Amino acid sequence: METGFGFGGTIEFFPEEGKYHLDGHRKCGIRLTPAETERLNGKCPTCGKPVTVGVLNHIHELADRPVDHALSTEQTFESIISLPETLSEFHGVGAKTKRVQSSFDRLLNEVGPEFHILGDASVNEIEQASSDTLAEAIRRMRAKQIIRNPGFDGEYGTVKLFEPGEI
């Protein structure tokens, strides 16, 4: 790890899915960016009580360079949405349902392992094994064209691939 030799990066979930990504006040349904929290002096704009400070705010406090600054030695990371979660959104049912599990198993048999499907399989290959809609979902995930609703104050965040009614 010290030299980085042989380390190709990591595969992670989107950080916005965490329960404390942004600052906020769950009781009032308030979600704030670090800049908004600073502007509001750490107070909820609805009730005036202190907001719970999230991870992103702590990162901004500790940072010694601008957010968009990239180190030349920085290793890669890839954020993904799991295939069962993607299939869940695609089918409009829970990720642990028989319908999702059946689709998941079929894709594994026809296309290959989950990480191959999410990262390497061609969009055409996914489309042939499933549908153009699922292929589009995987394309959007790879391109980071997702809908993010970050978590705050103990509420999990969500990431979606389609707007409501788009599928």
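Worth saying up front: this structure is predicted, and the values here are computed from it rather than measured. (Residues numbered from 1 in each chain as written. Predicted model: local features only at pLDDT ≥ 70, side-chain atom pairs only at ≥ 80, totals over all residues. Heavy atoms only, no water.)

A. Expanded view of the packing of helix α3 (residues 83-91) against helix α4 (residues 98-110). Running from N to C, α3 and α4 point in directions that differ by 125 degrees, and their axes come no closer than 9 Å. On the basis of the axis angle, α3 is oblique to α4. The crossing of α3 and α4 is right-handed. Every residue of α4 that contacts α3 at L83, P84, L87, S88 and H91 is listed here: R99, V100, S103, F104 and L107. (Axes fitted to C-alpha atoms, helices over the stretch in contact; angles between N-to-C directions. Helix = DSSP H or I, 4+ residues; strand = E, 2+ residues; numbered from the N terminus. Parallel < 35°, antiparallel > 145°, perpendicular 65-115°, else oblique. Left-handed = near helix turned anticlockwise from the far one by under 90°. Contact = heavy atoms within 4.5 Å.)

B. Expanded view of the nonpolar core. Residues I81, L83, L87, L107, I126, L134 and L161 are the most contacted members of the largest nonpolar core, which totals 24 residues. Among the secondary structure elements, those contributing two or more residues to this core are α3, α4, α5 (114-119), α6 (123-129) and α7 (132-142). Among the elements that take part in this core, α7 stands out by supplying five residues, more than any other. In contact with I126, other than residues within four places in its own chain, are I117, A121, S131, L134, A135, I138 and R142. (Core = buried A, V, L, I, M, F, W, Y, C linked by side-chain atoms within 4.5 Å. Buried < 20%, exposed > 50% of the residue type's maximum accessible area, 1.4 Å probe, protein only.)

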